[in-house]
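Structural characterization, general
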Amino acid sequence: MARSILVINGAVYFTADYNAIVKPQRTGVFWMVDCSEYLTKKDFLSRYSESLFKENKADFIKYEDKKYYYTGFRPIQTEDFILLSDLSEISHQDEEKEF
């Protein structure tokens, strides 16, 4: 079984297994979590349709002079996540409290 790690909703991670930038949709310790996934244009077009790329091309994250485009969300294993976010800039809200 994959190793569980602490992931933070709203943080940005890189995952080499998928060559993707991901944003977890939950906070907690997980071995797999639903994430918004962002891919380079080349990887996007090799895995998804050109029409989906055209729909999503305005939604991207720039990292190390490359653009990563939003593909949608799906479950992704967390084992090789590399945190890219500055955690001092992230806030979390739930229905009862603001953190």
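This text goes with the structure placed above it.
As the structure is a prediction and not an experimental result, all values here were calculated from the model. Just so you know, the residues in each chain are numbered from 1, in the order the chain's sequence is written. Confidence filtering applies because this is a predicted model: local features only for residues at pLDDT of at least 70, side-chain atom pairs given and counted only at 80 or more, and all residues used for totals across whole chains, interfaces and linings. The basis for every side-chain value is the complete set of heavy atoms in the structure, and neither hydrogens nor water enter the calculation.

Counting buried positions along strand E5 (residues 32-40) yields 7 of 9 residues, so the element is predominantly enclosed. In this description, strands pair whenever DSSP reports at least two bridges between them. Strands here are runs of E lasting at least two residues and helices are runs of H or I lasting at least four, both read from the DSSP assignment and numbered beginning at the N terminus. For strand E3 (residues 20-24) and E5, the ladder comprises 4 bridges, and the chain directions are antiparallel. From the neighbouring strand, Val22 faces E5, where its bridge partner is Glu37. With 9 bridges joining them, E5 and strand E7 (residues 66-77) adopt antiparallel strand pairing. Exposure classes here rest on a 1.4 Å probe applied to the protein chains alone. A residue is buried below 20% of its type maximum, exposed above 50%, and partly exposed in between.

Once that is clear, we can look at the sheet that holds E7. Strand order in the open sheet formed by 6 strands is E6-E7-E5-E3-E2-E8, and the pairing between neighbours is antiparallel. Of all strands in the sheet, those bounded by a partner on one side alone are strand E6 (60-63) and strand E8 (81-83). For this sheet, the mean angle separating the axes of adjacent strands, direction not counted, is 40 degrees. To obtain each axis, a line is fitted to C-alpha atoms, and for helices this fit is confined to the stretch in contact; angles are then taken between N-to-C directions over 0 to 180 degrees.

A few words on the pairing of E3. Of all 5 residues in E3, 4 are buried; the element is thus mostly enclosed. With 3 bridges joining them, strand E2 (residues 13-15) and E3 adopt antiparallel strand pairing. Along E3, the bridge assignment pairs Tyr13 with Val22. The turn joining E2 and E3, which pair antiparallel and follow one another in sequence, is formed by 4 residues; a positive phi near 45 degrees is taken by Asn19.

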